[in-house]
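# Coordinate inspection notes
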Amino acid sequence: MDYFELVDKAYKEHNLAKGEVMRLLEPKGVEEEAYLFKKADQLRHECVGDCVHLRGLIEFSSHCRRNCKYCGLRRDNVSLERYRLSPEDIVKIAHNAALLGYKTIVLQSGEDEFYTADVMAYIIKEIKKIADVAITLCIGERSYEEYKIMKEAGADRYLLKFETANPGHYREMHPDMSYKDRIDCLMALKDLGYEVGSGDIVGLPGQTVEHLAEDIMLLKELDVEMAGIGPFIPHHSTPFRDEARGTLEMTLRMVAITRLMLPYANIPATTAVGTIHPQGRQKALMAGANVVMPNVMPPEYRPRYEIYPSKICIGEKPSHCRLCIEGIIRSLGREVGQDYGSYRGR
Ligand code: SF4
């Protein structure tokens, strides 16, 4: 089977073996790659439509108890000026985002135990009282009971990237964490009825093409509703400061193959891909992605949530971001989604 036939197989069956995914990750030429992106874009159009769903991102705390080697928020980074927002401020920012038309709010932080499940439940309920939005949480590993409390309070979705599906590579990236815990958390979230998002980082030090194929196989096995794939960008205050960043090409291939394997998944064009290339988000939206997550934080906090450096849109006001993103989406002949943009595959 040649490369084009393999893309066609993925497009029709959504079910490749790991070796086949590896072959798709290494196209032989420009035409092959263009065909991969074209078929992923076609499947995106057929399965999730032309709307691009916006998720308003609130990075409410930059404190983190973990020490992931690639992340600027890691606890050993003492040069970072940390912040925490009060529940009232979080609710206010969410309300403002809803007024700008966002139908999903993403509450994201480092792993910060200051925000107990009860505190999160309070925030979720307060937001839902005043804003007609779906709520996605992205706050790391918690117990089953805590996930349950937050689900019962009204949380709809949960993002927990596994970052790398290879257990040995996972151990290297996360000195004080367990791959098994990560997977257990994802299973707990599924069991509780969250729409679950996971994903990886493309170009992590020590990563191989086989690892990337394993990432896609795991996304498929978990049958995730959302799949986040962004490039690695080295941060100057981490052990990976001198490593090379992930490439645009491999990130786009990962997005495209993930679309072919998970036709109904919500797949973001990440801010990180927009950071490594000025047209990165546009290219991702044309290679299978259907979601963008603009930051809705007041500009004064944005530079202080530095998972990686040189993030785009750091000085923008939320209202400006919203208009800018809308312009990007329209320039591609697509529309901004007006509903919650929930998973449509079941
Ligand atoms: S990746 Fe998440 S858990 Fe790891 S250090 Fe960064 S914020 Fe903390």
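So, here is what we can say about the structure in this document. As the structure is a prediction and not an experimental result, all values here were calculated from the model. (Residues numbered from 1 in each chain as written. Predicted model: local features only at pLDDT ≥ 70, side-chain atom pairs only at ≥ 80, totals over all residues. Heavy atoms only, no water.)

## Observations regarding the site of the ligand
Around the ligand, the structure places Cys-64, Arg-66, Cys-68, Tyr-70, Cys-71, Leu-73, Arg-74 and Gly-110. Residues of the shell around the ligand, tallied by class, amount to 5 nonpolar, 1 polar and 2 charged. (Near = heavy atom within 4 Å. Nonpolar A, V, L, I, M, F, W, Y, C, P; charged D, E, K, R; others polar.)

## Some remarks on the nonpolar core
With 109 residues, the main nonpolar core has Ile-58, Leu-107, Leu-137, Tyr-147 and Tyr-194 as its most contacted residues. Per-element tally for this core: the top contributor is helix α10 (residues 248–261), with 9 residues. Aside from chain neighbours lying at most four places away, what touches Tyr-147 is Gly-140, Glu-141, Arg-142, Tyr-158, Leu-160, Cys-185, Ala-188, Leu-189, Leu-192 and Tyr-194. In this structure, Val-106, Cys-138, Leu-159 and Met-226 belong to the second largest nonpolar core, which totals 5 residues. (Core = buried A, V, L, I, M, F, W, Y, C linked by side-chain atoms within 4.5 Å. Buried < 20%, exposed > 50% of the residue type's maximum accessible area, 1.4 Å probe, protein only. Helix = DSSP H or I, 4+ residues; strand = E, 2+ residues; numbered from the N terminus. Contact = heavy atoms within 4.5 Å.)

## Side note on the pattern of salt bridges
Taken as a whole, this structure holds 28 salt bridges when the rule is applied. Arg-44 is paired through a salt bridge with Asp-50; the nearest N and O atoms lie 2.7 Å apart. Overall, Arg-44 belongs to the buried group, its relative accessible area being 3%. Note that Arg-330 is salt-bridged to Glu-326, the shortest N-O span being 3.5 Å. In this pair, Arg-330 and Glu-326 both sit in helix α13 (residues 318–331), 4 residues apart, roughly one turn of the helix. (Salt bridge = Lys/Arg side-chain N within 4 Å of Asp/Glu carboxyl O.)

## Considerations on the side chain of Thr-164
Examined against the element boundaries, Thr-164 turns out to sit in the loop between β5 (157–159) and α7 (167–173). Among all residues touching Thr-164, those that are not within four sequence positions of it are His-169, Tyr-170, Met-173, Tyr-179 and Asp-215.

## Comments concerning the sheet that holds strand β3 (residues 104–109)
Ordered by their spatial adjacency, 6 strands build an open sheet running β2-β3-β4-β5-β6-β7, and the pairing between neighbours is parallel. The strands lining the two open edges of the sheet, one partner per strand, are β2 (56–61) and β7 (226–231). Averaged over neighbouring strand pairs, the angle between their axes works out to 20° when direction is ignored. Looking at chain direction, strand β6 (residues 195–202) and β7 are connected through 6 bridges and run parallel. Opposite Ser-198, over in β7, you have Ala-227 as the bridge partner. Strands β2, β3 and β4 (134–138) of the sheet are contacted by helix α5 (residues 117–130), whose axis makes an angle of about 155° with β4. (Pairing = 2+ DSSP bridges. Axes fitted to C-alpha atoms, helices over the stretch in contact; angles between N-to-C directions.)

## Structural notes on the environment of Asn-67
Examined against the element boundaries, Asn-67 turns out to sit in the loop between β2 and α4 (87–99). Asn-67 gets classed as buried once you look at its relative accessible area, which sits at 6%. For the pair formed by Asn-67 and Met-173, sequence separation is 106 residues and the distance between their alpha carbons is 8.9 Å. Asn-67 has contacts with Arg-74, Arg-75, Asp-76, Pro-175 and Asp-176, leaving out every residue within four places of it along the chain.

## Remarks on the packing of aromatic side chains
Taken as a whole, this structure holds 8 aromatic pairs when the rule is applied. Between Tyr-83 and Tyr-301 the ring centres are 5.0 Å apart and the planes differ by 45°, which places this aromatic pair in the tilted class. Placement of the pair is Tyr-83 in the loop between β2 and α4 and Tyr-301 in the loop between β8 (291–292) and α13, with a sequence separation of 218 residues. Consider the rings of Phe-114 and Tyr-115, whose centres lie 5.0 Å apart with planes at 75°: the pair is edge-to-face. The exposure class of Tyr-115 is buried, given its relative accessible area of 0%. Members of the aromatic cluster, connected to one another through ring pairs, are Phe-60, Phe-114 and Tyr-115. Taking the ring centre of Tyr-11 as reference, the NZ or CZ of Lys-39 above it sits at 4.1 Å. In this arrangement the basic side chain of Arg-322 is found over the ring face of Tyr-102, its NZ or CZ atom lying 5.5 Å from the centre. (Phe/Tyr/Trp six-rings, centres within 6.5 Å; stacked < 30°, edge-to-face > 60°. Lys NZ or Arg CZ within 6 Å of the ring centre and 35° of its normal.)

## Comments concerning the state of the cysteines
Under the definition given, this model contains 0 disulfides. Looking at the unpaired Cys-138, the closest cysteine sulfur is the one in Cys-71, lying at 11 Å. The class of Cys-138 is buried, set by a relative accessible area of 16%. For the unlinked cysteine Cys-185, the closest cysteine sulfur is that of Cys-138, found at 12 Å. (Disulfide = S-S within 2.5 Å.)

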